[in-house]
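# Structural overview
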Amino acid sequence: MAGKIQLISEFDKRLGRMIVIHRARYGLSQKDLARVLGCSFQQVQKYECGGNRMSVARLYNLCEYFRIPIGAFLQEVGAEYIHDPKMARIIRNIYNMGPVNVDLVLQLTENLCAARAGRTVTE
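This structure is a prediction, so every number in the text was calculated from the model and none was measured. (Residues numbered from 1 in each chain as written. Predicted model: local features only at pLDDT ≥ 70, side-chain atom pairs only at ≥ 80, totals over all residues. Heavy atoms only, no water.)

Moving on, we get to the pattern of salt bridges. Pairing between side chains of opposite charge can happen when their charged atoms approach one another. Counted according to the given criterion, the structure contains four salt bridges. Two residues, Glu48 and Arg23, come together in a salt bridge whose shortest N-O distance is 2.5 Å. In this pair, Glu48 sits in helix α3 (residues 41-49) while Arg23 sits in helix α1 (residues 10-25), placing the two residues 25 residues apart along the sequence. For Glu48, a relative accessible area of 11% gives the class buried. The partner of Asp32 in a salt bridge is Arg35, and the shortest N-O contact between them spans 2.7 Å. Within this pair, Asp32 and its partner Arg35 are both found in helix α2 (residues 30-37), separated by three residues, close to a single helical turn. Residue class for Arg35 comes out exposed when judged on its relative accessible area of 61%. (Salt bridge = Lys/Arg side-chain N within 4 Å of Asp/Glu carboxyl O. Helix = DSSP H or I, 4+ residues; strand = E, 2+ residues; numbered from the N terminus. Buried < 20%, exposed > 50% of the residue type's maximum accessible area, 1.4 Å probe, protein only.)

Pasting the structure below:
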């Protein structure tokens with residue numbers, strides 16, 4: 001019997017990027033996440049690159065583990081920053097920083113935005 005052809009959508013790719021971001025946030029390897037989800041690390045790789053679709057049950061387990069309501073996770077998948085690989089990379093990097101550096105990045109970005117708008121940050 002021939003395997004069925006599955007078309008992977010842009011949503012699947014964005015969902016994969018969100019999985020990478022949250023996995024990095026928790027400092028997990030693909031093997032670690034695979035153990036949590038009860039699948040192989042190869043399957044996690046396929047989810048992350050959008051090569052395979054994730055079942056709703058597995059997505060629910062993922063969200064429970066990350067302590068994110070499934071609705072909020074799905075809203076995040078639709079967020080604009082997920083469309084931009086550079087923005088997603090910045091977010092992954094921020095999750096790997098300590099609180100002091102996160103505060104510095106926040107201050108830097110606020111000052112850059114204020115300067116672009118022609119105003120000063122007073123905080």
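This is not the end of the story, as more comes after the structure.
Time to look at the packing of aromatic side chains. Aromatic rings in a pair are described by how distant their centres are and how their planes are angled relative to each other. Counted under the stated rule, the structure contains three aromatic pairs. Between Tyr26 and Tyr65, the ring centres sit 6.1 Å apart and the planes meet at 45°, which makes this aromatic pair tilted. With Tyr26 in the loop between α1 and α2 and Tyr65 in helix α4 (residues 56-66), the pair connects residues that are 39 residues apart, well separated along the chain. A relative accessible area of 32% places Tyr65 in the partly exposed class. Centre to centre, the rings of Tyr26 and Phe66 are 5.1 Å apart; their planes meet at 25°, and the pair counts as stacked. (Phe/Tyr/Trp six-rings, centres within 6.5 Å; stacked < 30°, edge-to-face > 60°.)

Attention now moves to the state of the cysteines. Scanning the entire structure with this criterion turns up zero disulfides. No disulfide involves Cys49; its nearest neighbouring cysteine sulfur is the one of Cys39, lying 13 Å away. (Disulfide = S-S within 2.5 Å.)

The subject of this paragraph is the side chain of Asp12. With respect to the helices and strands, the residue Asp12 is situated in helix α1. Exposure remark for Asp12: the relative accessible area of 7% places this residue in the buried category. One polar contact links Asp12 to Arg53, side chain to side chain, over a distance of 2.9 Å. Apart from the residues lying within four places of it in its own chain, the contact partners of Asp12 are Leu7, Tyr47, Gly50 and Arg53. (Polar contact = N/O pair within 3.5 Å; in protein donor to acceptor, adjacent residues only side chain to side chain. Contact = heavy atoms within 4.5 Å.)

Turning our attention to the environment of Asn96. Topologically, Asn96 is positioned in the loop between α6 (85-95) and α7 (99-117). The class for Asn96 is exposed, based on a relative accessible area of 56%.

With that settled, consider the packing of α1 against helix α5 (residues 70-77). Here α1 crosses α5 at 115°, and the two axes come no closer than 9 Å. Comparing their axes, α5 and α1 come out roughly perpendicular. As for how α1 packs across α5, the hand of that crossing is right-handed. Listed contacts from α5 to Phe11, Arg14, Leu15, Met18, Ile19 and His22 of α1 are Phe73, Leu74, Glu76 and Val77. Class assignment of the residues belonging to the contact of α1 with α5 gives a composition of seven nonpolar, one polar and two charged. (Axes fitted to C-alpha atoms, helices over the stretch in contact; angles between N-to-C directions. Parallel < 35°, antiparallel > 145°, perpendicular 65-115°, else oblique. Left-handed = near helix turned anticlockwise from the far one by under 90°. Nonpolar A, V, L, I, M, F, W, Y, C, P; charged D, E, K, R; others polar.)

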